[in-house]
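Residues per chain are reported as follows:
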Amino acid sequence: MSPSTVPCVLTEKVREIIPTSKILVVGAGGIGCEILKNLALSGFADIEIIDLDTIDVSNLNRQFLFRKEHVGKSKAMVARESVLSYNPNISIKAYHDSVTTQEYGVNFFKRFKVVLNALDNRAARNHVNRMCLAADVPLIESGTAGYVGQVEFIKKGLTQCYECQPKPPQKTFPGCTIRNTPSEPVHCIVWGKHLFNQLFGEDDPDQDVSPDTADPEAAGSAGLNAAASETETGNVQRTSTRQWAQQSNYDAAKLFNKFFKDDIEYLLTMENLWKTRKPPKPLNWREAASHEGDADNSIDSVRATDMQVWPISKCAQVFASSIDILKEALSKKEFLVWDKDDKPALDFVTACANIRGHIFSIPQKSRFDVKSIAGNIIPAIATTNAMVAGLVVLMVFKVLAEDYENCNSIYVRQKSIHSNVVIAPDYHLIKANPKCYVCSPQPYVGVSVNVDVMTVKEFETEILKKTLNMIAPDAILDGKGVFVISSEEGETEANNDKKLSELGIVDGSILKVDDFLQNYNLTIGVNHYVAKEKDDPPYKVVADVDDLKPSVENGQQNGSTESSEEKHSKMEVDGNAGDDDDDLEIVDKPDEDDPQEGTSSKRRKLNPPEDEDDDLIMLDDP
Amino acid sequence: MTEIELSTAEAELYDRQIRLWGIESQEKLRAANVLLIGVRGLGSEIAKNILLSGINSLTVLDNGIVTEEELQKNFLLNQESMGSNIAEAILTKAQALNPLVKLTTETEPVSEKPDKYFQTFTIVVATGLSSKQLVRIDSICRNSNVQFICGDVFGMFGYSLADFQEHEFYEDQVKLPTKTKRTHEGKPTETSEKTTVKIQRKLSYPPIDQVLPTSEKKIVKSGVPGKTKRCNELYYLMRLLIQFRDQNNRDPSFNSKEDDLKKLKEIREEIIHRYQVNEEKLREDVFNLIFGEVVPVCAVVGGVIAQEVIKAVSHKEVPIHNLFLLNPYNFCGKEQIVGA
Ligand SMILES: [Zn+2]
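Residues numbered from 1 in each chain as written. Chains lettered and ligands numbered in written order. Predicted model: local features only at pLDDT ≥ 70, side-chain atom pairs only at ≥ 80, totals over all residues. Heavy atoms only, no water.

1. Section: unusual backbone geometry
Move 1: Of note, the bond from B:His321 into B:Asn322 is cis; its omega dihedral lies within 30 degrees of zero at -10°.
Move 2: Here B:Asn322 lies in the loop between α11 (295-314) and β11 (323-326).
Move 3: Even without glycine at this site, A:Asn469 takes up a positive phi of about 60°.
Move 4: Secondary-structure assignment places A:Asn469 in the loop between α17 (456-467) and β10 (473-477). (Helix = DSSP H or I, 4+ residues; strand = E, 2+ residues; numbered from the N terminus.)

Here you go:
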């Protein structure tokens, strides 16, 4: 290893320590590949890389360490070999594994001089954030989405942590909008995915697709009362959609008539829903298959099949043909998992969403667009990744120089006519939020939950793991010493199905929760709460108790407390937002950085044209 | 340049970027023929990014020889290529980045290429050239409607400079749904979808000789060299470094640091005097940061230049007009209009 690869412009001290500084790169996707290359060509000689993913063809337009023949192989392993091919003199250790497993504990993290996050999902980012806080190792966090990206420095006691600012919640839609009154293409697409799961996937009661008779808006409809009483007495509605489909041998015409004719006719009986809305028009199989007014579109080009909206007759035909394929696939498995890259699954959802769109007079979407929306795809490109990864390694130089004061966050922006800044560093480090439920000295969070309904198991999975991102939590009821949840298998299994109140967890109770792996202790204040409106969330997790009250500003701006969240949410549809692609960052400051927010007046105020401050960016920095 | 439809394989490979810039842009990229002059640190980054974007052809021109120093900063080379021509040495690895792009190499010096050579390209990208060559190639490009962009990395500092002439382009502007409507029951309903509108725009680029005047009399009109009015001092740093290259036929080198610092200081005095630049804003200590091509800086500037090439060729999104300057201390990257 020739030390002259270390940039000559760095200080003597930094040049000396670079070759022996052990660096961890978490994620070998778009940014990870670029970071590895930059490290290897800047004299770093002791690098470890971890990624659990395998290579997909759609990665190849930017993850330049991979080639077509690598599809299906481990990203971490191939990235390592690829870097060694142009710099064989360095040590790279690759792990094809999830960073959130027990093997990678605090002692693992302590070995590194700096940790570089190049991840694609929030859960892993949260976890690495906690591990670096626990190990007191500096972390550089990065991400891109389309033309924008960011790099952020995180160090315990000096800066904010990744979880200091609550991230915008993932967008979900009220059940009755999906089941009864869709008004946007995304509602139909979500419905199509739910229908897929009902017919072929794992059973999920939250993904019902049939008319929702409990819709408060429909209350008092005369037709509904008659129909509802019929339901109560146990007609077909009682059998599950899956059973019924199996009994019908997945006959396309029967399925079609149930979902697009019978169910729609039933919806029409809920008259109150249609007083202010355009009522849906039921469609039967025969009509659909020979739908008039459809242009003949038999050219089999990418444009026609993927980019153009299918006519209804084609939707019906694809509905039937995809069901045949999926039925066959299901016969070999217990259930199928919806995957945007599985063509029949995507075809099925595209067809269903567009037929439903047609029925409800909602604009239809091409398969290409349905894939974006249903798969939560955040587009990623090589150029933004290259810029961000370059900035990451430039920040590593500053961290090694212990020049922390100048490790300000940096944002890559899309060029606009309103601004002359393309790469924008912050002016100072951002201090930790003193109420942060992760990095403050006594982390505390309030949880509002119905203690008579939620079970201990649900509390563990939904709240501790999914929402608070713990991996292996232990929970004790404070003051009583009751062991509620143990991370040791079997120890508290008897508690699983008990309601929280049965274990004495009631309004005002305090739970002491500890995640051994993350070295993370959290106090949870329990607040008994009963969801009143149908669309109220089943539980709420609040880091700052003041946040429980709707903020005045939001109220004024948007007329409802919910819409401030909507404003921030991206294309996330349901549940698994962000799982799709590498590099995804839920950019922390959407008002400044998200081009989709470009036309809001709020952005203009926050982000005025910078012509004025040219004189500020001078060569007289320290 | 007829619009050729993408194959299924291409649609799959370029899926993520098509979702960002649309299929029309991808088809325009597919028809673009790019000449890249210089594949050193910065050039190899540009080559990587534009090969990945899916252009029709890339011609790489470099008459340099692979040295130990080149090997250490260029991931398209490997040990065996020591001593051979750089453009030829990168061929295998560059082609592997995207087998769908037609990749060719040129080993002749750019000064020996006749004018008509440049006219066959959609865009010419130049790195490492003298101001004389930059001005020459730009004027050829101007005469034949070929777009032009150049750039360099000097240590922690980098810049790019474009001449897209009379550049017409459009940008998509997303209109957020107009307020949530409320029915008389007070329940929010019927938010319309976000809609996208295409906005046509046009930018006029000055020729390169307005930005890098090769003789005194060429000094330009407004917002420019002569007037220090709000001109980012990094512009003068760029001028200074290019002047060093013009005079010495090479870039400042760490191996001859003391000598080169002396030369740089002389040029600084001259520029400060000539353009009445505030001495405090163009301080000598910046010279400690301008040696060598720092790889992560190449990554940043190479990302910026490749993105500008994509914008220029696809006529989509607002391009940088006309200069991009990367601050070597805090890495703030700004647009500066010079010479217009
Ligand atoms: Zn924090």
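2. Side note on the packing of aromatic side chains
Move 1: Tallied over the full model, the rule gives 28 aromatic pairs over all chains.
Move 2: Judged by centre distance (6.2 Å) and plane angle (55°), the rings of A:Tyr86 and B:Phe75 are tilted. A residue pair is termed interchain when its members come from two chains, as with A:Tyr86 in helix α3 (residues 75-86) and B:Phe75 in the loop between α4 (68-73) and α5 (86-89).
Move 3: With a centroid separation of 5.3 Å and an interplanar angle of 65°, the aromatic rings of A:Phe108 and A:Phe112 are classed as edge-to-face. The same class applies to A:Phe108 and to A:Phe112, which are both buried.
Move 4: By the ring-pair criterion, three or more aromatic residues cluster together here, those being A:Trp191, A:Phe196, A:Phe200, A:Trp244, A:Tyr250, A:Phe256, A:Phe259, A:Phe260, A:Trp285, A:Phe319 and A:Phe348. (Phe/Tyr/Trp six-rings, centres within 6.5 Å; stacked < 30°, edge-to-face > 60°. Buried < 20%, exposed > 50% of the residue type's maximum accessible area, 1.4 Å probe, protein only.)

3. Quick look at the domain arrangement of chain B
Residues and elements named next belong to chain B.
Move 1: You can read the domains of chain B as domain 1 (2-167 + 294-336), domain 2 (168-200) and domain 3 (208-289).
Move 2: In this structure, domain 1 and domain 3 have C-alpha centres spaced 25 Å apart.
Move 3: With 26 residues of domain 1 at the interface, the matching set in domain 3 holds 21 residues.
Move 4: Across the domain 1 to domain 3 interface the summed buried area is about 2000 Å²; carbon plus sulfur atoms make up 72%.
Move 5: The tally of links between domain 1 and domain 3 comes to one salt bridge.
Move 6: Salt-bridge contacts for Asp 152 lead to Arg 245; the nearest nitrogen and oxygen are separated by 2.9 Å.
Move 7: Connecting domain 1 to domain 3 are six residue pairs in polar contact (both at pLDDT 80 or more).
Move 8: When residues of the side of domain 1 that touches domain 3 are traced back to their parent elements, those giving at least two are α8 (131-143), β5 (147-154), β6 (157-163), β11 and β12 (333-336).
Move 9: In terms of residue count, β6 provides more of the side of domain 1 that touches domain 3 than any other element does, five residues in total.
Move 10: A breakdown of the residues in the side of domain 1 that touches domain 3 according to their chemical character gives 15 nonpolar, seven polar and four charged. (Domains from an automatic or database assignment. Contact = heavy atoms within 4.5 Å. Buried area = accessible area lost by both parts, 1.4 Å probe. Salt bridge = Lys/Arg side-chain N within 4 Å of Asp/Glu carboxyl O. Polar contact = N/O pair within 3.5 Å; in protein donor to acceptor, adjacent residues only side chain to side chain. Nonpolar A, V, L, I, M, F, W, Y, C, P; charged D, E, K, R; others polar.)

4. What to know about the packing of helix α2 (residues 30-40) of chain A against α3(A)
Residues and elements named next belong to chain A.
Move 1: Following both chains from N to C, one finds α2 and α3 inclined at 30°, their axes separated by 10 Å at the closest point. The orientation of α2 relative to α3 falls into the category roughly parallel. Seen from above, α2 lies across α3 with right-handed handedness. Across the interface between the two elements, Leu 36, Lys 37 and Ala 40 of α2 pack against Ala 79, Val 83 and Tyr 86 of α3.
Move 2: Of the residues that constitute the contact of α2 with α3, the class distribution is five nonpolar, no polar and one charged. (Axes fitted to C-alpha atoms, helices over the stretch in contact; angles between N-to-C directions. Parallel < 35°, antiparallel > 145°, perpendicular 65-115°, else oblique. Left-handed = near helix turned anticlockwise from the far one by under 90°.)

5. Considering empty space enclosed by the protein
Move 1: The tally for this structure, following the rule as stated, stands at seven cavities of 30 Å³ or more.
Move 2: One number sums up the size of the largest cavity: a volume of about 130 Å³.
Move 3: In this structure, the largest cavity is lined by 15 residues; those nearest its centre are A:Met387, A:Arg413, A:Lys415, B:Gln307 and B:Lys311.
Move 4: At the level of secondary structure, the elements contributing two or more residues to the lining of the largest cavity comprise α16 (382-400) of chain A together with α11 of chain B.
Move 5: Classifying every residue of the lining of the largest cavity gives seven nonpolar, three polar and five charged.
Move 6: In this structure, the second largest cavity encloses a volume near 50 Å³. (1 Å grid on protein atoms, 1.4 Å probe; cavity = no way out; pocket = protein on both sides within 12 Å on 5 of 7 lines; lining within 4 Å. Points joined across faces, edges and corners; volume = space filled by probe spheres on them.)

6. Describing the coordination of the zinc ion
All names here are of chain A.
Move 1: Protein-derived coordination of the zinc ion comes from Cys 161 (SG), Cys 164 (SG), Cys 436 (SG) and Cys 439 (SG), at a distance range of 2.3 Å.
Move 2: Here the zinc ion binds four donor atoms, and the angle range of 96 to 117° at the metal identifies the geometry as tetrahedral.
Move 3: Here the donor residues for the zinc ion map to a single chain with the spacing C-x2-C-x271-C-x2-C. Placement of the pair is Cys 161 in the loop between β6 (148-154) and α6 (175-179) and Cys 439 in the loop between β8 (421-425) and β9 (444-449), with a sequence separation of 278 residues. (Donors = N, O, S within 2.8 Å, 3.2 Å for Na, K, Ca; no water. Tetrahedral: all angles 85-135°; square planar, octahedral: opposite > 155°, others 65-115°.)

7. Quick word on the sheet that holds β9(A)
All names here are of chain A.
Move 1: Strands sit in the order β11-β10-β12-β13-β9-β14 across an open sheet of six strands; the sheet is mixed. Strands with a single pairing partner mark the edges of an open sheet, and in this sheet they are β11 (482-485) and β14 (539-542). Adjacent strand axes in the sheet meet at a mean angle of 25°, parallel and antiparallel pairs treated alike.
Move 2: Relative to β11, β10 runs antiparallel, the two sharing three bridges. Among the inter-strand pairings, Leu 477 is bridged to a residue of β11, identified as Val 482. (Pairing = 2+ DSSP bridges.)

8. Topic: the pattern of salt bridges
A side chain of one charge can pair with a side chain of the opposite charge when the charged atoms of the two come close.
Move 1: Applying the stated criterion across every chain, the model contains 51 salt bridges over all chains.
Move 2: Between B:Lys48 and A:Glu34 there is a salt bridge; the shortest N-O distance is 2.6 Å. Here the residue B:Lys48 occupies a position in helix α3 (residues 41-53), and A:Glu34 occupies one in helix α2, the pair thus bridging two chains.
Move 3: The class for B:Lys48 is buried, based on a relative accessible area of 0%.
Move 4: Relative accessible area serves as the criterion here: at 0%, A:Glu34 is assigned to the buried category.
Move 5: Among the charged side chains, a network of salt bridges with common partners joins B:Arg40, B:Asp62, B:Glu70, B:Lys73 and B:Glu293.

9. A few points about the layout of surface pockets
Move 1: Counted as a void, the second largest pocket has a volume near 1300 Å³.
Move 2: Lining the second largest pocket are 49 residues; nearest its centre among them are B:Arg40, B:Glu69, B:Glu70, B:Lys73 and B:Asp251.

10. Comments concerning the domain arrangement of chain A
Where the parts come together, the accessible area they lose is often given as the size of the interface.
Move 1: The domains assigned to chain A are domain 1 (3-170 + 382-425), domain 2 (175-374) and domain 3 (434-622).
Move 2: Each of domain 1 of chain A and domain 2 of chain A has a C-alpha centre, and these two points are 43 Å apart.

11. Notes on a negative patch on the surface
Move 1: Together, A:Glu488, A:Glu489, A:Glu491 and A:Glu493 give the surface a local cluster of negative charge.
Move 2: Here A:Glu488 lies in the loop between β11 and β12 (510-515). (Patch = residues over 30% accessible without salt bridge, like charges linked within 9 Å, V, L, I, M, F, W, Y side chains within 5 Å. Areas by Shrake-Rupley, 256 points an atom, 1.4 Å probe, with all protein chains shown as cover. Lys, Arg positive; Asp, Glu negative; His and termini not counted. Charge placed at Lys NZ, Arg CZ, Asp CG, Glu CD.)

12. Things to note about the confidence of the model for chain A
Residues and elements named next belong to chain A.
Move 1: In the predicted model, chain A carries a mean pLDDT of 83, and 82% of its residues have values of at least 70.
Move 2: In this model residues 228-238 is a low-confidence stretch, pLDDT under 50, and it forms seven contacts with partners more than four residues away in sequence or in other chains.
Move 3: In the predicted structure, residues 548-622 sits below a pLDDT of 50 and forms 179 contacts with residues beyond four places in sequence or in another chain. (pLDDT = per-residue confidence, 0-100.)

13. Quick look at the pairing of strand β4 (residues 123-127) of chain B
Residue and element names in this part refer to chain B.
Move 1: Within β4, five of the five residues are buried, leaving the element largely enclosed by the surrounding structure.
Move 2: Here β4 shows a buried face lined by Ile 123, Val 125 and Thr 127 and a second buried face lined by Val 124 and Ala 126.
Move 3: As paired strands, strand β1 (residues 33-37) and β4 are joined by four bridges and run parallel to one another. Along β4, the bridge assignment pairs Val 34 with Ile 123.
Move 4: The pairing of β4 with β5 spans five bridges and is classified as parallel. When the bridges of β5 are listed, Ala 126 appears paired with Cys 150.

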